[in-house]
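# Breakdown of the fold
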Amino acid sequence: MTVASTGAEHHHEEHQDLRVVGLLTFLISESLMFGGFFATYLFFRGTNEIWPPEGTEVELLLPTINTIILVSSSFVIHFGDTAIKNNDIQGMRKWYKITAAMGAIFLLGQIFEYLTLGYGLTTNVFANCFYLMTGFHGLHVFVGLLLILGVLWRSRRPGHYSATKHTGIEMAEIYWHFVDIIWIVLFTLLYILTLF
């Protein structure tokens, strides 16, 4: 009986590890896709004398605020992971709710920016790159929000997450950190470097 139980536990741990490996593999493939966007953007930037073209200047204030919110949310979600590792389900819920709110604020800020820029997807090559890259990233933020909300929904069941059973929470955190890292690169390329 004890041997069978140990075997089942060992199988369960391997299953959890494979889920994390699967997520990491997915994130590597997404990194390659973003890498293609970055390379294309840098190519167009390097082959155009005026960048961004006239009429497609970027506003810096709102994106900077959005960046602070999104990067800060990486610390907040980590507090949730730390809480569950201390068996504090209420603490995890609190930090994940705050992270979800920060992610939603980021998306609303991005939508507001789109509505006030004064140029669209087909205005020129810069605008096209801008909307494709930030829109694709925004889609990833939205998926991250769904993951966080899924964790919160599943945490309602007693014992679903604990100090020894929290792979789903860790996976949501890893994904969220990925979203933040990609945004830092996007913010640097699309906003900071356009000033120089």
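All of these numbers come straight from a predicted model, not from anything done at the bench.

About the cut-offs
Residues numbered from 1 in each chain as written. Predicted model: local features only at pLDDT ≥ 70, side-chain atom pairs only at ≥ 80, totals over all residues. Heavy atoms only, no water. Helix = DSSP H or I, 4+ residues; strand = E, 2+ residues; numbered from the N terminus. Buried < 20%, exposed > 50% of the residue type's maximum accessible area, 1.4 Å probe, protein only. Contact = heavy atoms within 4.5 Å. Areas by Shrake-Rupley, 256 points an atom, 1.4 Å probe, with all protein chains shown as cover. Lys, Arg positive; Asp, Glu negative; His and termini not counted. Charge placed at Lys NZ, Arg CZ, Asp CG, Glu CD. Axes fitted to C-alpha atoms, helices over the stretch in contact; angles between N-to-C directions. Parallel < 35°, antiparallel > 145°, perpendicular 65-115°, else oblique. Left-handed = near helix turned anticlockwise from the far one by under 90°. Nonpolar A, V, L, I, M, F, W, Y, C, P; charged D, E, K, R; others polar. pLDDT = per-residue confidence, 0-100. Phe/Tyr/Trp six-rings, centres within 6.5 Å; stacked < 30°, edge-to-face > 60°. Lys NZ or Arg CZ within 6 Å of the ring centre and 35° of its normal.

Helix and strand counts for the protein stand at five helices and zero strands. Walking the protein from its N terminus toward its C terminus, one meets helices and strands in the order α-α-α-α-α. Overall, the protein is about 75 × 30 × 25 Å in size when its C-alpha atoms are taken along their principal axes. In the protein, which comprises 196 residues, the share counted as buried stands at 41%. In the protein, the proportion of contacts linking residues at least 24 apart, taken out of those at least 6 apart, comes to 81%. A total of about 10,800 Å² of accessible surface is found on the protein, and carbon and sulfur atoms cover 70% of it. Computed over 10 positive and 15 negative side-chain charges, the separation of the two mean positions in the protein equals 15 Å.

Direction vectors running N to C along helix α3 (residues 89-116) and helix α4 (residues 125-154) enclose 155 degrees, while the axes themselves pass 10 Å from each other. Here α3 is positioned roughly antiparallel relative to α4, judged by the angle of their axes. Of the two elements, α3 crosses α4, and the hand of that crossing is left-handed. Of the residues in the contact of α3 with α4, the class split is 16 nonpolar, seven polar and three charged.

Interhelical geometry of α4 versus helix α5 (residues 167-192) gives an angle of 160 degrees and a closest axis separation of 10 Å. Between α4 and α5, the angle falls in the class roughly antiparallel. The way α4 lies across α5 gives a crossing that is left-handed.

Let us look at the confidence of the model for the protein. Atomic detail in the predicted coordinates should be set aside for any region of low pLDDT. When the pLDDT values of the protein are averaged, the result is 91; 91% of them are 70 or greater. Of the regions scoring below 50 in pLDDT, residues 1-5 engages in zero contacts with residues more than four places distant in sequence or in other chains. Under a pLDDT of 50 for its full length, residues 8-14 has, in the predicted model, zero contacts with residues more than four places off or in other chains.

Here the structure, examined in full by the defined rule, presents 20 aromatic pairs. When the centroid spacing of 5.4 Å and the interplanar angle of 90 degrees are considered together, the rings of Phe130 and Tyr131 count as edge-to-face. Here Phe130 falls in the buried class, since its relative accessible area comes to 0%. For Tyr131, a relative accessible area of 14% corresponds to the buried category. By way of ring pairs, the aromatic residues Tyr41, Trp51, Phe106, Tyr114, Tyr119, Phe126, Phe130, Tyr131, Trp183, Phe187 and Tyr191 are connected into one cluster. Over the ring of Trp153 we find Arg156, and its NZ or CZ is 3.5 Å from the ring centre.

Looking now at the side chain of His137. Along the chain, the position of His137 falls in helix α4. His137 has contacts with Phe34, Leu70, Phe106, Val179, Ile182, Trp183 and Leu186, leaving out every residue within four places of it along the chain.

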